[in-house]
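# An overview of the molecular structure
Here is how the chains run, residue by residue.
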Amino acid sequence: MNAEKQVFIGFVLAILIAAIIRVIEITGGLPNLYEHLLYFPLMLSGLLLGPRIGALAGLMCGVLLSPFSFSDSDSLISNHEIAAGWILRLLAYTLIATIAGIIARVVKELNGAEKSAKLKYQGTDLPNIYALLEQLKTIGHSKEGAPDDIIDIFNFRLQNMEKIQQQVGTEKANELVKQMAIQLKKLLGDKVHVGQTSKDELVGVSADSEQNTKELQQKIESFLEKPIVVDGVSYQMDSAAGVLRVKKEQLKEDHQKIFDEAQSHAFNALQKKQQFSFLEQNGAIDQIEEVTFSRQFSEAMKNNSVQLYYQPRLNTSSGYFSVLEVSAKWVHPKRGDMSLNEFKPMIEEASLTQQFTSWMIQRTFKDLKIWQKQKVTVRISINITINDVVDPVVLNILAHELQETKFPAQNINIEVSERALMSLSDKAKRYLERLRSVGCNVIAANFGEGRSTIQSLFVLPVDAVKLSEELVQKATSHSDQKRELASMVKMARARGLTTIATGINDRAKLLLLKQIGCEELQGSILSKSLKKSEIPWARIR
């Protein structure tokens, strides 16, 4: 609401208040009753119109209820009131309306900040997939321009992003991505919207596409060949670009399908090792024969082509399995059975991580309900960072399932990758700490793949450390690495952290990890990932 409207409404409100006061004066009613009832419209004016108009209304109320506003003050207002009481009332009215307005403004700003955060990619604050989809929808339904206006959707795949992140760290890698987004916007024009859909994918949406294909290709290829400079250091990005050109009317029909098709086109170009690929959709989007990967995977989760598996984890003290780690397999119609590690890169590319992780949590708790009814006690471990990012939405879903099922929180292990822990947002950290406070255990997973030390975990909200397969493998091959691993396990246990080792696929590793005091072991020599029907309940304690 603009300032002119606010002043007008404030003026109308003042007239209404004056009319109420006049009624009080004429009828000689109950001044105290009317006086207290006025708090409600004043609060409402502050909430709806803001602190300034609310304060003005409160001030006017106080003045109009002063002794100077009544022709017969003796009958309506006491001597004490004339002396000082009306001044306190004036201040009260003004403060009540002002405070209500300030509260409303703060709540509005917080809601705006939260909404804005939901539309930003964590780490870079670039527009995320939801913001880009909203932009496509806005363009498609805009009344400006003609239905056959050209829209370009750019997908830039940063193939060596993970390697760079390992070399320079997450913070510097995020700066690199942001700098690339800025340069892309300069390259493609001010009207282009550049966002980030995964840690190694940038997407641009341009509603001002007048260049021919050849010029566009030359411009993008020239850009991709140049290094990105951050803080005086040059980084050569191993990137590939795909461009999907559509008409505005196609976005109006189904902007989600268009976006999925753009990602699928870019992914196919990457598979063919093409640095630049251009596709123009001339026909109706409904005539596209190829089912996009995003839609294909979503349907696979619905029709149970993706299924949960559970891998038991051995407790070295008791000799029994103590935890079931949740995993998944996808029975792909063309590629056959695919483990989570095999299809994980695919769902990162298609920005399906949140959807898959949420599905995995919900299906796990569905199984837990069944086991609860069967009086089976079990501890579960769930990895929530498929793409090395702690998503607050996923944590919220986990909390919801805990409340719904009443499952003991102390029997839930939340696995968070080491890299994700090192780049926790304030909100994600707060959510993790809240889940820990009710009993959930947080595990620093894949420890040894990043650049952090065991000491750095002591200040993070974790209860256990899960050693990476690479760390375990090196310890069995080199004596120095063995001593380092033993020292690491000892230090972790001294600080109250449970130590877990994965990748135990032979007897040498099994004996080594038992010898150095690792508390929980997991690997193929102990047990593979199992279907629900294959879980050895007799060996679980």
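To start, this report covers the structure provided alongside it. (Residues numbered from 1 in each chain as written. Predicted model: local features only at pLDDT ≥ 70, side-chain atom pairs only at ≥ 80, totals over all residues. Heavy atoms only, no water.)

### Quick look at helix 16 (residues 392–405)
Working note: α-helix, 3.6 residues per turn, so residues spaced by three or four point in the same direction. An ideal rise of 1.5 Å per residue puts 20 Å on 14 residues; helix 16 measures up with 20 Å between its terminal C-alpha atoms. Buried residues in helix 16 make contact with helix 15 (353–373), strand 12 (412–417) and helix 18 (426–437). Where helix 16 begins, the side chain of Asp391 points an oxygen toward the backbone nitrogen of Val393, at a separation of 2.9 Å. Where helix 16 ends, the next residue or the one after it, Lys406, has phi of about 60°, a positive value. (Helix = DSSP H or I, 4+ residues; strand = E, 2+ residues; numbered from the N terminus. Expected span 1.5 Å × (residues − 1). Contact = heavy atoms within 4.5 Å. Polar contact = N/O pair within 3.5 Å; in protein donor to acceptor, adjacent residues only side chain to side chain.)

### Describing the packing of helix 20 (residues 469–477) against helix 21 (residues 479–494)
Two packed helices can be described by the angle between their axes and the distance between those axes. Following both chains from N to C, one finds helix 20 and helix 21 inclined at 125°, their axes separated by 6 Å at the closest point. Between helix 20 and helix 21, the angle falls in the class oblique. The hand of the helix 20/helix 21 crossing is left-handed. Mapping the contact onto sequence places Leu471, Lys474, Ala475 and Ser477 in helix 20 and Ser479, Gln481, Lys482, Leu485 and Met488 in helix 21. Broken down by class, the residue content of the contact of helix 20 with helix 21 amounts to four nonpolar, three polar and two charged. (Axes fitted to C-alpha atoms, helices over the stretch in contact; angles between N-to-C directions. Parallel < 35°, antiparallel > 145°, perpendicular 65-115°, else oblique. Left-handed = near helix turned anticlockwise from the far one by under 90°. Nonpolar A, V, L, I, M, F, W, Y, C, P; charged D, E, K, R; others polar.)

### Section: the packing of aromatic side chains
As enumerated under the stated definition, the model contains 10 aromatic pairs in all. A ring pair is formed by Phe297 and Trp330, whose centres lie 5.1 Å apart and whose planes are at 75°; its orientation type is edge-to-face. Here Phe297, found in helix 13 (residues 293–302), pairs with Trp330, found in strand 9 (residues 321–332); they are 33 residues apart in sequence, far enough to count as distant. Summarising the aromatic geometry, the rings of Trp371 and Trp537 are spaced 5.0 Å apart at their centres and angled 75° between planes, so their arrangement reads as edge-to-face. Linking Trp371 in helix 15 with Trp537 in the segment after strand 16 (520–521), this pair joins segments that are 166 residues apart in sequence. What makes Trp371 buried here is its relative accessible area of 5%. Residue class for Trp537 comes out partly exposed when judged on its relative accessible area of 29%. Clustering of aromatic rings is evident, with ring pairs tying together Phe297, Trp330, Phe343, Phe356 and Trp359. Against the face of Tyr309 rests Lys329, its NZ or CZ located 4.6 Å from the ring centre. The positively charged end of Arg541 is found above the aromatic ring belonging to Tyr320, 4.5 Å away from the centroid. (Phe/Tyr/Trp six-rings, centres within 6.5 Å; stacked < 30°, edge-to-face > 60°. Buried < 20%, exposed > 50% of the residue type's maximum accessible area, 1.4 Å probe, protein only. Lys NZ or Arg CZ within 6 Å of the ring centre and 35° of its normal.)

### Overview of the pattern of salt bridges
One pass over the full model with this rule turns up 17 salt bridges. Between Glu520 and Arg313 there is a salt bridge, with the nearest N and O atoms lying 3.5 Å from each other. Of this pair, Glu520 sits in strand 16 while Arg313 sits in strand 8 (residues 306–315), placing them 207 residues apart in sequence. Like Arg313, Glu520 is buried. Three or more residues are tied together by salt bridges with common partners; here these are Arg313, Glu325, Arg379, Glu415, Lys466 and Glu520. (Salt bridge = Lys/Arg side-chain N within 4 Å of Asp/Glu carboxyl O.)

### Some points on the nonpolar core
Ranked by internal contacts, the top residues of the largest apolar core, which has 77 residues, are Phe297, Phe343, Phe356, Ile380, Leu467 and Leu513. It is helix 15 that contributes the most residues to this core, seven residues altogether. Contact partners of Leu513, with chain neighbours within four places excluded, come to Val472, Leu485, Ala501, Ile504, Cys518 and Leu521. Formed by 27 residues, the second largest nonpolar core is a distinct cluster that contains Leu126, Phe156, Val192 and Ile228. (Core = buried A, V, L, I, M, F, W, Y, C linked by side-chain atoms within 4.5 Å.)

### Brief notes about the layout of surface pockets
Taken as a whole, the second largest pocket holds about 1100 Å³ of empty space. Those elements that provide at least two residues to the lining of the second largest pocket are strand 8, strand 9, helix 14 (340–349), strand 12, helix 17 (418–421) and strand 13 (441–447). Along the lines of polarity and charge, the residues of the lining of the second largest pocket split into 10 nonpolar, 18 polar and 15 charged. (1 Å grid on protein atoms, 1.4 Å probe; cavity = no way out; pocket = protein on both sides within 12 Å on 5 of 7 lines; lining within 4 Å. Points joined across faces, edges and corners; volume = space filled by probe spheres on them.)

### With respect to the sheet that holds strand 7 (residues 276–280)
In spatial order, the strands read 2-3-1-6-7; together these five strands make up an open sheet with mixed pairing. Each edge of the open sheet is held by one strand with a lone partner, namely strand 2 (193–198) and strand 7. With direction set aside, neighbouring strand axes in the sheet form an average angle of 20°. In the packing of helix 7 (residues 129–141) onto the sheet, the strands contacted are strand 1 (150–158), strand 2 and strand 3 (201–206), and the crossing angle to strand 2 comes to about 140°. (Pairing = 2+ DSSP bridges.)

### Some words on a nonpolar patch on the surface
Together, Ile87, Leu88, Leu91, Leu95, Ile99, Ile103 and Val107 line one region of the surface with nonpolar side chains, adding up to about 640 Å² of accessible area. Within the secondary structure, Ile87 is located in helix 6 (residues 79–118). A residue is classified by how much of its surface remains accessible, and Ile87, at 39% relative accessible area, is partly exposed. (Patch = residues over 30% accessible without salt bridge, like charges linked within 9 Å, V, L, I, M, F, W, Y side chains within 5 Å. Areas by Shrake-Rupley, 256 points an atom, 1.4 Å probe, with all protein chains shown as cover.)

### Looking at helix 10 (residues 213–225)
A rise of 1.5 Å per residue sets the reference length of helix 10, with its 13 residues, at 18 Å; its end C-alpha atoms lie 18 Å apart and thus fit the reference within 8%. Check the buried side of helix 10 and you find it contacts strand 1, helix 9 (170–188), strand 4 (228–230), strand 6 (239–247) and strand 7.

### Observations concerning the pairing of strand 11 (residues 380–383)
Neither face of strand 11 is exposed, since Ile380 and Ile382 on one face and Ser381 and Asn383 on the opposite face are all buried. Bridge analysis of strand 9 against strand 11 gives two bridges, and the strand direction is parallel. Its bridge partner being in strand 11, Leu324 is matched across the sheet by Ile380. Looking at chain direction, strand 11 and strand 12 are connected through four bridges and run parallel. Residue pairing across strands places Asn383 opposite Glu415, the latter belonging to strand 12. Note on the crossover from strand 11 through helix 16 to strand 12: the handedness is right-handed. (Right-handed = clockwise from strand over helix to strand, strands pointing away.)

### Digging into the environment of Phe156
The topology assignment puts Phe156 in strand 1. Residue Phe156 is classed as buried on the basis of its relative accessible area, which comes to 1%. Each C-alpha atom of the pair Phe156 and Leu224 lies 9.4 Å from the other, and the pair is 68 residues apart in sequence. With sequence-adjacent residues up to four places away left out, Phe156 is seen in contact with Leu184, Asp200, Glu201, Leu202, Ile220, Leu224, Ala240 and Ala241.

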